[in-house]
Protein chains: 2
Amino acid sequence: MVVKVYGPAFASSKRVIVCLVEKEIKFEVVDIDIFKGEGRSPDYLKLQPFGLLPVIRDGDYTLYESRAIIRYYAEKYKSQGTELFGNTMEEKGKVEQWLEVEAHNFHPPIYTLVAHTVFSSKLGITPDQNVIQENEAKLGKVLDIYEERLSTSKYLAGDFFSLADLSHLPFGHYLINGVGKEYLIRDRKHVSAWWDVISNRPSWKKVIQLFPPPT
Amino acid sequence: MVVKVYGPAFASSKRVIVCLVEKEIKFEVVDIDIFKGEGRSPDYLKLQPFGLLPVIRDGDYTLYESRAIIRYYAEKYKSQGTELFGNTMEEKGKVEQWLEVEAHNFHPPIYTLVAHTVFSSKLGITPDQNVIQENEAKLGKVLDIYEERLSTSKYLAGDFFSLADLSHLPFGHYLINGVGKEYLIRDRKHVSAWWDVISNRPSWKKVIQLFPPPT
């Protein structure tokens, strides 16, 4: 079965696609432009009632929320492609922990920075310098903790690449390409090295080449 | 091994404890009062570098982020106590989806409501009626989607109780007890019935009795 992924141009859908590439799972894409309100169409809302991206269809099975989808495929195709959950239950626990850190600590400030810089005009937001500075400071504090963590292990969950690292790629990409706050990564030696390793994986380079992020 | 859970008085730690009760896992608790700044002590930051609750210790293993911890125990003790991930990979995918909906759609507005009502003085927040109204409206829209979902299945992920439902208990409790916005649940027939079923589980009643929420 070929997996259909909706909205490949957008960052959260790329979280799913890079996982499918790592797991060597065939997929096709369905374009949908949330900036044009296509997320609010009745047909789309039947698939994703919150009107958000991404959603996948896999035969009769529909699933939304990018971090749920990547967990589903990493486990369903455990023995295919890259192992993305570690090898033991305890490693998997750490993957889950850092996936949650990405979602709750890394994502909110970086999303706000992206919204107030790269997509302000498309989202109808007047960029607010106070909001930008506040979230820049928040993200810096989060990355200080990453720096400490990455001084003792090569990747976030341990010495293995996992969903936890992968989940940072789509919005981390905007921090380097678009937001103009690359220093937040480059001023931190271990974060910078980690970013170079994960963003140079063939899977991510392929995703960026196939589906250039909108700006 | 007895699991040590930090901060049982607080809502996100209760997410972990109710899971341990459902899974029939022995635990003990370590009191920590984040309102008194105990989350910023050097010893605590070694366990949870973000200074947040909860964290667990299980022998030499330390894990934080409540939704990571409940996934870890639900899987590690799969054949013990209540099955909380469903029976098939596809059911588990739906559990993951609704766990993410809880984290990203339900939690932010209800957390803000709780912060601006129940804990405003402890958090040093001046309750802002505009913020309250805005988040009340947001939560209402989220619960409209829950209402539709729960008109076709008994629980969020399907006709089985799961981590997805369990994860709503700690902050859902405050909506009924403290925030004063019970109508958001009671005005929605299926949400109201679902809430009664999940909040009357012996596990949750035991947690509330053992560790009364602070107000």
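Bear in mind the structure is a predicted one, so any value in this text is a computation, not a measurement. (Residues numbered from 1 in each chain as written. Chains lettered and ligands numbered in written order. Predicted model: local features only at pLDDT ≥ 70, side-chain atom pairs only at ≥ 80, totals over all residues. Heavy atoms only, no water.)

**Some details on the interface of chain A and chain B**
The line we're drawing: The contact criterion used throughout is that any non-hydrogen atoms of two residues lie within 4.5 Å. Summed over both partners, the accessible area (1.4 Å probe) lost when two parts come together is defined as the buried area. For this document, the term salt bridge refers to a Lys or Arg side-chain nitrogen within 4 Å of an Asp or Glu carboxyl oxygen. Think of it this way: any DSSP run of H or I at least four residues long counts as a helix, any run of E at least two long counts as a strand, and we number them from the N terminus. As a working rule, the residues Ala, Val, Leu, Ile, Met, Phe, Trp, Tyr, Cys and Pro are called nonpolar, Asp, Glu, Lys and Arg charged, and the rest polar, with Gly in that last group.
In this complex, chain A contributes 30 residues to the contact, which on the side of chain B involves 30 residues. Buried area between chain A and chain B, both sides added, is near 2,800 Å², and the carbon and sulfur share of it is 63%. At the junction of chain A and chain B, the tally comes to eight salt bridges. The closest approach of N and O atoms between Glu 75 of chain A and Lys 92 of chain B, which form a salt bridge, is 2.8 Å. At the level of secondary structure, the elements contributing two or more residues to the side of chain A that touches chain B comprise strand S4 (61-64), helix H3 (66-76), helix H4 (89-116) and helix H6 (129-150) of chain A. Among the elements that take part in the side of chain A that touches chain B, H4 of chain A stands out by supplying 13 residues, more than any other. A per-class count over the side of chain A that touches chain B returns 15 nonpolar, five polar and 10 charged.

**A few points about the environment of Lys 76 of chain A**
To keep things clear, this is the line we draw: Polar contact is defined as a pair of N or O atoms within 3.5 Å, subject to the rule that within protein one atom must be able to donate a hydrogen and the other to accept it, and that residues adjacent in sequence are counted only when both atoms are side-chain atoms.
One can find Lys 76 of chain A in helix H3. With 38 residues separating them in the primary sequence, Lys 76 of chain A and Glu 38 of chain A have C-alpha atoms 30 Å apart. Here the side chain of Lys 76 of chain A touches Glu 90 of chain B through a polar contact of 3.4 Å, side chain to side chain.

**Brief notes about the sheet that holds strand S3 (residues 55-58) of chain A**
Residues and elements named next belong to chain A. Basically, it comes down to this: Two strands are counted as paired when DSSP detects at least two bridges linking them. Axis lines are fitted to C-alpha atoms, over the contacting stretch for helices. Their N-to-C directions set the angle, which ranges from 0 to 180 degrees.
Pairing in this open sheet of four strands is mixed, and the strands run S2-S1-S3-S4 from one edge to the other. Looking at the sheet topology across the chains shown, the edges are occupied by strand S2 (27-30) and S4. On average, adjacent strands in this sheet sit at an angle of 20° to one another, irrespective of strand direction. Across four bridges, S3 lies against S4 in antiparallel orientation. Bridge assignment links Ile 56 to a residue of S4, and that residue is Leu 63. Against the sheet, helix H1 (residues 11-22) makes contact with strand S1 (3-6), S2 and S3, and its axis sits at roughly 155° relative to S1, the strand it touches most.

**So, the pattern of salt bridges**
The cut-off we apply is this: Under the scheme applied here, a residue whose accessible area is under 20% of the maximum for its type counts as buried, over 50% as exposed, and between as partly exposed, the area being computed with a 1.4 Å probe on protein chains only.
What the rule picks out here adds up to 35 salt bridges over all chains. In this structure, the salt-bridge partner of Glu 90 of chain A is Lys 76 of chain B, at a minimum N-O distance of 3.4 Å. Taken together, the residues Glu 90 of chain A in helix H4 and Lys 76 of chain B in helix H3 (residues 66-76) connect one chain to another. Assessed through its relative accessible area of 27%, Glu 90 of chain A is described here as partly exposed. Two residues, Arg 186 of chain A and Glu 182 of chain A, come together in a salt bridge whose shortest N-O distance is 3.4 Å.

**Here's the deal with the packing of H1 of chain A against H3 of chain A**
Residues and elements named next belong to chain A. Test applied: Our angle categories are set so that under 35 degrees counts as roughly parallel, over 145 as roughly antiparallel, 65 to 115 as roughly perpendicular, and the remainder as oblique.
At their nearest, the axes of H1 and H3 sit 9 Å apart, and the two run at 10° to each other. Classified by the angle between their axes, H1 and H3 sit roughly parallel to one another. Contacts between H1 and H3 pair Ser 12, Arg 15, Val 16, Cys 19 and Leu 20 from the former with Ser 66, Arg 67, Ile 69, Ile 70 and Tyr 73 from the latter. Its residues assigned to classes, the contact of H1 with H3 shows six nonpolar, two polar and two charged.

**Thoughts on the domain arrangement of chain A**
Residue and element names in this part refer to chain A. What counts, and what does not: Residue ranges assigned to the domains are those given by an automatic or database domain assignment.
According to the domain assignment, chain A contains domain 1 (3-81) and domain 2 (89-204). Taken together, the contacts link 14 residues of domain 1 with 21 residues of domain 2. Each partner contributes to the roughly 1,500 Å² buried at the junction of domain 1 and domain 2, and carbon and sulfur atoms together form 66% of this total. At the boundary of domain 1 with domain 2, the tally comes to six salt bridges. Salt-bridge contacts for Arg 71 lead to Glu 96; the nearest nitrogen and oxygen are separated by 2.7 Å. Remark: the boundary between domain 1 and domain 2 carries eight residue pairs in polar contact (both at pLDDT 80 or more).

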